[in-house]
Amino acid sequence: MKAMKEYHPPLGNRDAMRLDFNENTIACSPRVKEVLGRISAGALTRYPEREPVERTVAEHIGVAAEQLVLTNGVDEAIHVLFETFLDAGDELLLPVPTYTMYEVYASATDAQAVTVQAAEDLRFPFERLLSAITPQTKIVAIANPNSPSGSVATREQIVEIARRAPAAVVLVDEAYFHFFGETVMDLVGSVPNLMVARTFSKAYGLAGLRLGVLAGPVDLMKWVRRVLSPYSVNSLALACLPPALEDTAYLNWYVGEVLAARTEFEASLDELKIRHWPSRANFVLVEIGEKHKELVRLMSAGGVLVRDRSSDPGCDGCVRITIGMREQMREAALVLRKTMEELRSEGNE
Ligand SMILES: Cc1ncc(COP(=O)(O)O)c(C=O)c1O
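Small disclaimer: the values here were computed from a predicted structure and weren't measured.

### Let's talk about the pattern of salt bridges
- All told, the structure shown has 21 salt bridges when counted by the stated rule.
- R38 is paired through a salt bridge with E34; the nearest N and O atoms lie 3.5 Å apart. Taken together, the positions of R38 and E34, both in helix α1 (residues 30-38) and four residues apart, correspond to about one turn of that helix. Accessibility assignment for this pair places R38 and E34 in one class, exposed.
- Between R155 and D186 there is a salt bridge, with the nearest N and O atoms lying 2.5 Å from each other. With R155 in helix α6 (residues 155-164) and D186 in the loop between α7 (177-180) and β7 (194-199), this pair connects stretches of sequence that are 31 residues apart.

### Some remarks on the site of the ligand
- Lining the immediate surroundings of the ligand are 13 residues, of which V74, D173, Y176, T199 and S201 lie closest.
- Here an oxygen atom of the ligand and a side-chain polar atom of K202 are 2.8 Å apart.
- Protein contact buries 92% of the 400 Å² of open area that the ligand shows by itself.

### Structural notes on the side chain of T84
- With respect to the helices and strands, the residue T84 is situated in helix α3 (residues 73-85).
- A distance of 2.5 Å separates a polar atom in the side chain of T84 from the backbone oxygen of V80.
- Apart from the residues lying within four places of it in its own chain, the contact partners of T84 are W223, V224 and V227.

### Some points on the sheet that holds strand β13 (residues 318-322)
- Spatially, β9-β10-β13-β12 is the arrangement adopted by the four strands of the open sheet, whose pairing is antiparallel. Each edge of the open sheet carries a strand with a single partner, namely β9 (275-276) and β12 (307-308).
- One ladder, built from two bridges, connects β12 with β13; its direction is antiparallel. Directly across from D308, in β13, lies its bridge partner V319.
- Here helix α10 (residues 248-271) sits on the sheet and contacts β9, β10 (283-287) and β13; the angle it forms with β10, its principal contact strand, is near 5 degrees.

### Side note on the nonpolar core
- Counting residues in each nonpolar core, the largest one holds 83 residues, and the members touching the most others are I161, L194, F265, L295, V306, I321 and L336.
- For I321, the residues in contact, after removing those within four places along its chain, are L19, F265, F283, V284, V286, V306 and M329.
- One finds L81, A141, M195 and V224 within the second-largest nonpolar core, a separate group that totals 30 residues.

### Details of the sheet that holds strand β3 (residues 91-96)
- With respect to topology, seven strands assemble into an open sheet ordered β2-β8-β7-β6-β5-β3-β4, the strand pairing being mixed. On the outer flanks of this sheet lie β2 (68-71) and β4 (112-117), each paired with one strand and no other. Recorded for the sheet is a direction-independent mean angle of 20 degrees between the axes of neighbouring strands.
- Direction of pairing for β2 relative to strand β8 (residues 212-215): antiparallel, over a ladder of four bridges. Each residue of the ladder has a partner; that of L68, found in β8, is A215.
- The sheet strands contacting helix α2 (residues 51-61) are β2, β7 and β8, and the helix crosses β2 at an angle near 115 degrees.

### So, the packing of aromatic side chains
- Throughout the structure, instances matching the rule amount to six aromatic pairs.
- Measuring from centroid to centroid gives 5.6 Å for Y250 and W253, while their planes differ by 50 degrees, and the two rings are tilted. You can see Y250 and its partner W253 sitting in helix α10, three residues apart, about one turn around the helix.
- On the basis of relative accessibility, which here comes to 14%, the residue Y250 falls in the buried class.
- W253 sits in the partly exposed class, given a relative accessible area of 41%.
- Taken together through their ring pairs, the aromatic side chains of Y250, W253 and Y254 make up a single cluster.
- Above the plane of the ring of F283 lies R320, whose end atom (NZ or CZ) is 5.8 Å from the centre.

### Side note on α6
- Restricting attention to buried positions, one finds in α6 the residues Q157, I158, I161 and A162. Mapping the buried residues of α6 onto a view down its axis gives an arc of 135 degrees, with all of them on the same face. Residues E156 and R163 are exposed on α6 and point more than 90 degrees away from its buried face.
- Considering only its buried residues, α6 is in contact with α5 (126-131), β5 (137-143), β6 (169-173) and β7.

### Topic: unusual backbone geometry
- In this structure, the amide linkage connecting V96 to the following residue, P97, adopts the cis form with an omega of 5 degrees.
- One can find P97 in the loop between β3 and α4 (100-107).
- Omega for the peptide link from N144 to P145 comes to 0 degrees, which places this bond in the cis form.
- Checked against the element boundaries, P145 lands in the loop between β5 and α6.
- Notably, N13 is not glycine yet its phi reads approximately 50 degrees, a positive angle.
- For N13, the location among the structural elements is in the segment before β1 (17-18).
- Relative accessible area serves as the criterion here: at 73%, N13 is assigned to the exposed category.
- With phi around 55 degrees, K273 is a residue other than glycine that occupies positive phi space.
- Summarising the element assignment, K273 is placed in the loop between α10 and β9.

Definitions and limits used
- Residues numbered from 1 in each chain as written.
- Predicted model: local features only at pLDDT ≥ 70, side-chain atom pairs only at ≥ 80, totals over all residues.
- Heavy atoms only, no water.
- Salt bridge = Lys/Arg side-chain N within 4 Å of Asp/Glu carboxyl O.
- Helix = DSSP H or I, 4+ residues; strand = E, 2+ residues; numbered from the N terminus.
- Buried < 20%, exposed > 50% of the residue type's maximum accessible area, 1.4 Å probe, protein only.
- Near = heavy atom within 4 Å.
- Polar contact = N/O pair within 3.5 Å; in protein donor to acceptor, adjacent residues only side chain to side chain.
- Areas by Shrake-Rupley, 256 points an atom, 1.4 Å probe, with all protein chains shown as cover.
- Contact = heavy atoms within 4.5 Å.
- Pairing = 2+ DSSP bridges.
- Axes fitted to C-alpha atoms, helices over the stretch in contact; angles between N-to-C directions.
- Core = buried A, V, L, I, M, F, W, Y, C linked by side-chain atoms within 4.5 Å.
- Phe/Tyr/Trp six-rings, centres within 6.5 Å; stacked < 30°, edge-to-face > 60°.
- Lys NZ or Arg CZ within 6 Å of the ring centre and 35° of its normal.
- Arc of directions from axis to C-beta.

The following block contains the structure:
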């Protein structure tokens, strides 16, 4: 515990355009809101019952109910998975840069996190990852698409990693699946060491409810179930899940908006001559250089929150910008343009 770093996400005073946490930038489905409004005071007196909703979710994503658990966000899925499978002497293998919480939760175990640095193009470091597999590798965690880079691993690469690390659980974290459209969820059960996570925090717009899914083969899930708290998913979240799943029209509409906005926003970045990496998710990583902190500050003063990722390995001078609706991103592009002009003119003084 003493060696663990403290992690404080930069929350607080976020009444602005929130392009800093890769959330849905507007709202969840109105059907969810309606269900929330109908929940009675009496219903809150009961402990939450997860299983019926797990069956609904399992059917929706095409796995057996025994292969799936609901969790308090994907963060809990990661935490529980690491607690379940990582012991002293074990290794967690991570391509970096990647999602911060993998290292945070790994550091709460006695295992060692082994990181594999992506090259300058930040593409998924497939070959290097394969070479880093050892008999001690107990979990390989792959965010697909990855954050903060937006890069992706192919299905073939994931299957090969699982084949080459038979003693390890390969966790594919599909938090941004809806913006990417490709999945390995259909391989759950047939690839014996593959586990897949999904979240309701991003495209569905339910980050505040804390809802995640972890799916995997029954013989691995049985250990996860022992560690998982029975009531970590609360009854409000459980009530909201079925209407969120049913409203596919809302989800498709939101995802369509984001993808169109991403294309437009990338064109603005090109016009502003800001380097950026290709993204398959609802955010884009941009290179600002040494004035990255100032850019975050100035954009925030202009009403747009973005996220400094400069301390991520290989991301020196980089900032991550969430993609929201087209109209929002047009406004964000204007604020970015103004900020860049200010920063660039300072540089010429
Ligand atoms: C790759 C990845 N996994 C998981 C999460 C967290 O998801 P949740 O809100 O379901 O805990 C995030 C959030 O930023 C993420 O980027």
